[in-house]
Amino acid sequence: MEWITTALTALFSYFYMFLIAKLMGHRQISQLDAFDYITGITLGSIAAELATELENPMRPVIAMAVYGLLTLLMNQITLRRNRSRKFIEGTPTILFHNGKLYRQNLKKAKLDLSEFMVLCRQQGYFDLSQVYSVVFEHNGSLSILPREADRPATPKDLGQSPKQSTFFTEVIMDGRVLKENLHRLGKEEKWLQKQLEDQGYHTHREIFLGLCDQNDTLTLYPPCED
């Protein structure tokens, strides 16, 4: 029946698009350059056509493959050739430096002063006197260098030497023990049960989230209904 064929074609389109996206790599929308953005829109349009193309589905399949291969090729070119990367992705632009706003660079970045101030405020800078430099990156984001007197103090500034933080590994999620993660840490369930009892719990089912660091410190979060 035609509706079954349509459903199967749409299903194939969905997983084919997923495969192409995996091959192209993961990037956030805000990190896409113009080429990736255009490619993403085009692939989505072709995938929509593929979902309903019953007579000749190979045409959009081939088109998506070509776009995917071209994207991979352009990525390889930009990785290996610095000049090509500058041409395709663009270069960073200084918008503000040491109290000076560069009007021409703002025009080049297609930003007016209002948009510039919004982007600064989104990063927590409401007063430009606290800012030393602002760079407009090729992906449309701002990189802000605060003045030394206005940047957050670090432990080094205070003459302190805290221990290095380590990664946390989930060992309990939603009341379930993640045995693979536990074994990756070199621990057994007996060790986990003892840690639970030492912190006043009877079973892992009482825990919503359990995190363990590389120093064997177990942090437990019971479910909160409020």
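Each remark here, short or long, concerns the structure printed above.
A. Local environment of the environment of Ala65. Here Ala65 lies in helix H3 (residues 58-80). In sequence terms Ala65 and Leu43 are 22 residues apart; their C-alpha atoms lie 9.3 Å from each other.

B. Geometry of the side chain of Ser133. Tracing the backbone through its elements, the reader meets Ser133 in strand S3 (residues 131-136). Judged by its relative accessible area of 12%, Ser133 is buried. At 2.5 Å, the side chain of Ser133 and the side chain of His97 are in polar contact.

C. Here's a closer look at the sheet that holds strand S2 (residues 100-101). Pairing in this open sheet of 4 strands is antiparallel, and the strands run S2-S1-S3-S4 from one edge to the other. The open sheet has two free edges, formed respectively by S2 and strand S4 (142-146), since each of these has just one partner strand. Sheet analysis places strand S1 (residues 93-97) next to S2, joined by 2 bridges and oriented antiparallel. Within S2, the position partnered with Phe96 by the bridge is Leu101. The strands that helix H6 (residues 113-122) touches are S1, S2, S3 and S4; relative to S4, the one it contacts most, it runs at about 65°.

D. Here's a closer look at unusual backbone geometry. In this structure, Asp174 takes a positive phi of about 55° despite not being glycine. Accessibility expressed as a relative area gives 56% for Asp174, which makes it exposed.

E. Expanded view of helix H8 (residues 189-198). Among all positions of H8, only Trp191, Leu192, Gln195 and Leu196 are buried. Along the long axis of H8, the arc covered by the buried residues comes to 140°, so they all point the same way. Residues of H8 that are exposed and angled more than 90 degrees away from the buried face: Lys190 and Asp198. Those residues of H8 hidden inside the fold are in contact with strand S5 (168-173), strand S6 (176-177), helix H7 (179-184), strand S7 (209-213) and strand S8 (218-221). Just downstream of H8 lies Gly200, where phi reads positive at about 90°.

So, how was this worked out
Residues numbered from 1 in each chain as written. Predicted model: local features only at pLDDT ≥ 70, side-chain atom pairs only at ≥ 80, totals over all residues. Heavy atoms only, no water. Helix = DSSP H or I, 4+ residues; strand = E, 2+ residues; numbered from the N terminus. Buried < 20%, exposed > 50% of the residue type's maximum accessible area, 1.4 Å probe, protein only. Polar contact = N/O pair within 3.5 Å; in protein donor to acceptor, adjacent residues only side chain to side chain. Pairing = 2+ DSSP bridges. Contact = heavy atoms within 4.5 Å. Axes fitted to C-alpha atoms, helices over the stretch in contact; angles between N-to-C directions. Arc of directions from axis to C-beta.

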